Protein chains: 2
Amino acid sequence: MSILVVGSVAFDSVETPFGKADDVLGGSGTYFSTSASFFTDVNLVAVVGEDFPSEHVDFLRSRNIDLTGLTTAPGKTFRWAGSYGYDLNEATTLDTQLNVFASFSPQLPEAYLDADYVFLANIDPELQLDVLKQVVRPKLVACDTMNFWIEGKRDALINTLKYVDVLLINEGEVRQLAAEANVVKAAQKVLDMGPKTLVVKRGEYGALMFTEHGVFSAPAYPLENVFDPTGAGDTFAGGFMGYLAGVQDMSDAAMRQAIIFGSVMASFNVEMFSLERMKSLEYAEIEDRYRKFQLLTRFSGIDE
Amino acid sequence: MSILVVGSVAFDSVETPFGKADDVLGGSGTYFSTSASFFTDVNLVAVVGEDFPSEHVDFLRSRNIDLTGLTTAPGKTFRWAGSYGYDLNEATTLDTQLNVFASFSPQLPEAYLDADYVFLANIDPELQLDVLKQVVRPKLVACDTMNFWIEGKRDALINTLKYVDVLLINEGEVRQLAAEANVVKAAQKVLDMGPKTLVVKRGEYGALMFTEHGVFSAPAYPLENVFDPTGAGDTFAGGFMGYLAGVQDMSDAAMRQAIIFGSVMASFNVEMFSLERMKSLEYAEIEDRYRKFQLLTRFSGIDE
């Protein structure tokens, strides 16, 4: 079962305490599709400029990502520059050049219109809704957003959320969206806005999933080397949605396992700059780390 | 099997966004013993001043805590005042009056000398070692410490750690003690100092336990109302040690379950000021919340 994702394909320049990478492949659509491609087929809708090199297109193709929806527009590709301090939890944006992304108004290719699984990456909530309107009866719609839209396009965002099944956002964004400091209370307020499932991403502290069934708490994988957290959230979402689309199951059990697969994918992605770790990743490594997550959390011990 | 704990018994004045409590019962020894008393017998070594009211002594007795080691010295009881902001993760100390605690030099009662389980609460590491030297071949020794001792009495602390099995400290203290920003690397450095087990307390993000068997990640219970985090760490340690002493098992499985019982106890304690929640707590509630922790973390879902 294939997933439709609408998001950005970009050049990132990133500085962390461990090194520096200039004009490397990035963007929410890129991270999401690459991660999801380990589990299912992916249709990517995005725009790049004339400066986007064929090597990146080749990489996406090598992951079997359908690029019918990737258009090239006159001008330059979206560029983002940011830096991280030692805590690695929050990026400082140094520069944003929207370029061709400024006039991004996604028209879905005919073949994408009956998508069952849709991920609306972090773009203008009005565009998210425009895209969603083009899809005929999707089974599962997930979306991301950020403080910029929560502040600047609150009404549009709240309108879009009415049509969304799963919202995946950071803990700070949950608090901001609900205007409530306590995460449990804030989560309830967000669920009242429409989504049946809220996934609260907490970086190195893992994730919480709130549903009608209750709360699921997933750890982050304790890593010795977190090199670059850029794209971790979209990689997480890609593993989550990819797994669900792959197994075609939306039970609470499947959702919990999807959260762990999302966490697994994010834990790999932060080990290297850009999508470098994804390029060498094998499915057997994903299964192995899933088992390590089980050992990490089970109450019954590992010495017996 | 009984536990010996050496720590403070104090008056706390606490301000949180949700209210204010003046001169209420507090102290590391108090929180630890009360929490542990739900699982096993506790022998408390501490000092109070002549102003310590009999109602607090009566409460500790009502929990079957042995107070042979609780001495009354001329002068006033230790007083601490602090406040918390909305994030509730870190207290700002407003006032500390050591009073009788300034000359605390614990001499163990004869009946305590063969203790099997020992908890050295957050006091001067030299005093911790003095106490430990008085005990004849304990089976399990755990201790707490804080930034004040890590900075000010680093050598003494490192010397004490050689004789400790389990160290329970905050994430920031782990980083400070190891002089290492990455928690996984920092944990390994701390294990190299002597303790076989390191419990990293992360407040609302739960706890990590590092041992030779690997890592265990425990969630915090997602609470709608966190009223007062004072004493959460000592209450956690009390549940952890209390459970281990109660079951007399130090396998990895028992240690993991002990971490969850510690988390359960802390989750109750933060629901009200001082030890108010402990006063009404029933063992059945502890078991019930332990089961909720299982549901919170299990991968297999709760809808089947």
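Residues numbered from 1 in each chain as written. Chains lettered and ligands numbered in written order. Predicted model: local features only at pLDDT ≥ 70, side-chain atom pairs only at ≥ 80, totals over all residues. Heavy atoms only, no water.

## Some thoughts on the sheet that holds strand β3 (residues 19–26) of chain B
All names here are of chain B. Strands sit in the order β3-β2-β7-β8 across an open sheet of four strands; the sheet is mixed. Two strands in the sheet have a free side with no partner beyond their single neighbour: β3 and β8 (91–97). Each strand of the sheet is rotated relative to its neighbour by a mean of 15°, with strand direction disregarded. Where strand β2 (residues 10–16) lies against β3, six bridges are found, and the strand directions are antiparallel. Paired with Val 14 across the bridge in β3 is Ala 21. This element, helix α1 (residues 28–36), spans β2 and β3 of the sheet and lies at about 80° to β3. (Pairing = 2+ DSSP bridges. Helix = DSSP H or I, 4+ residues; strand = E, 2+ residues; numbered from the N terminus. Axes fitted to C-alpha atoms, helices over the stretch in contact; angles between N-to-C directions. Contact = heavy atoms within 4.5 Å.)

## What to know about the packing of helix α3 (residues 125–134) of chain A against helix α5 (residues 154–161) of chain A
Residue and element names in this part refer to chain A. In the contact formed by α3 and α5, the axes pass within 8 Å of each other and the chain directions differ by 30°. In terms of orientation, α3 lies roughly parallel with respect to α5. α5 is crossed by α3, and the crossing has left-handed handedness. Contacts between α3 and α5 pair Pro 125, Glu 126, Gln 128 and Leu 129 from the former with Ala 156, Leu 157, Asn 159 and Thr 160 from the latter. Taken together, the residues of the contact of α3 with α5 sort by class into four nonpolar, three polar and one charged. (Parallel < 35°, antiparallel > 145°, perpendicular 65-115°, else oblique. Left-handed = near helix turned anticlockwise from the far one by under 90°. Nonpolar A, V, L, I, M, F, W, Y, C, P; charged D, E, K, R; others polar.)

## Observations regarding the relation of the copies chain A and chain B
If you rotate chain A by 180° and push it 0.0 Å along the axis, it lands on chain B with an RMSD of 0.0 Å. On the angle and the small slide along the axis, the relation comes out as a two-fold axis. Within chain A, A:Tyr205 has its C-alpha nearest the rotation axis, a separation of 3.1 Å. Here 100% of the interface residues in chain A have copies in chain B that are interface residues too; the copies meet face to matching face. (Least-squares fit on C-alpha atoms with pLDDT ≥ 70 in both.)

## Thoughts on the packing of helix α8 (residues 232–247) of chain A against helix α9 (residues 252–269) of chain A
Geometry of a packed helix pair, given as the angle between the helix axes and the separation of the axes. Residue and element names in this part refer to chain A. Relative to each other, α8 and α9 sit at 140°, their axes nearing to 7 Å. For the element pair α8 / α9, the angle class is oblique. In the crossing of α8 with α9, the sense of the turn from one axis to the other is right-handed. Across the interface between the two elements, Ala 232, Thr 235, Phe 236, Gly 239, Phe 240, Tyr 243 and Leu 244 of α8 pack against Ala 254, Met 255, Gln 257, Ala 258, Ile 259, Phe 261, Gly 262, Ser 263, Met 265, Ala 266 and Asn 269 of α9. Counted by class, the contact of α8 with α9 contains 12 nonpolar, six polar and no charged residues.

## Here's the deal with the pattern of salt bridges
A complete count under the given rule lists 34 salt bridges over all chains for this structure. For A:Asp252, the salt bridge is made with A:Arg256, and the minimal N-O distance between the two is 2.9 Å. Placement of both A:Asp252 and A:Arg256 in helix α9 is noted, with a separation of four residues, approximately one turn of the helix. Summarising the burial analysis for this pair, A:Asp252 and A:Arg256 share the class buried. One salt bridge in this structure joins B:Glu276 and B:Lys279, with 3.3 Å as the shortest N-O distance. In this pair, B:Glu276 and B:Lys279 both sit in helix α10 (residues 276–280), three residues apart, roughly one turn of the helix. For B:Lys279, a relative accessible area of 41% puts it in the partly exposed group. Beyond isolated ion pairs, a larger network of salt bridges with shared partners links A:Glu171, A:Arg175, A:Arg202 and B:Glu204. (Salt bridge = Lys/Arg side-chain N within 4 Å of Asp/Glu carboxyl O. Buried < 20%, exposed > 50% of the residue type's maximum accessible area, 1.4 Å probe, protein only.)

## Focus on the interface of chain A and chain B
At the junction of the two partners, chain A supplies 38 residues and chain B supplies 38 residues. The interface formed by chain A and chain B holds two salt bridges in total. Residues B:Arg175 and A:Glu204 are paired through a salt bridge, measuring 3.9 Å at the closest nitrogen-oxygen approach. On inspection of chain A and its partner chain B, the count reaches 16 residue pairs in polar contact (both at pLDDT 80 or more). (Polar contact = N/O pair within 3.5 Å; in protein donor to acceptor, adjacent residues only side chain to side chain.)

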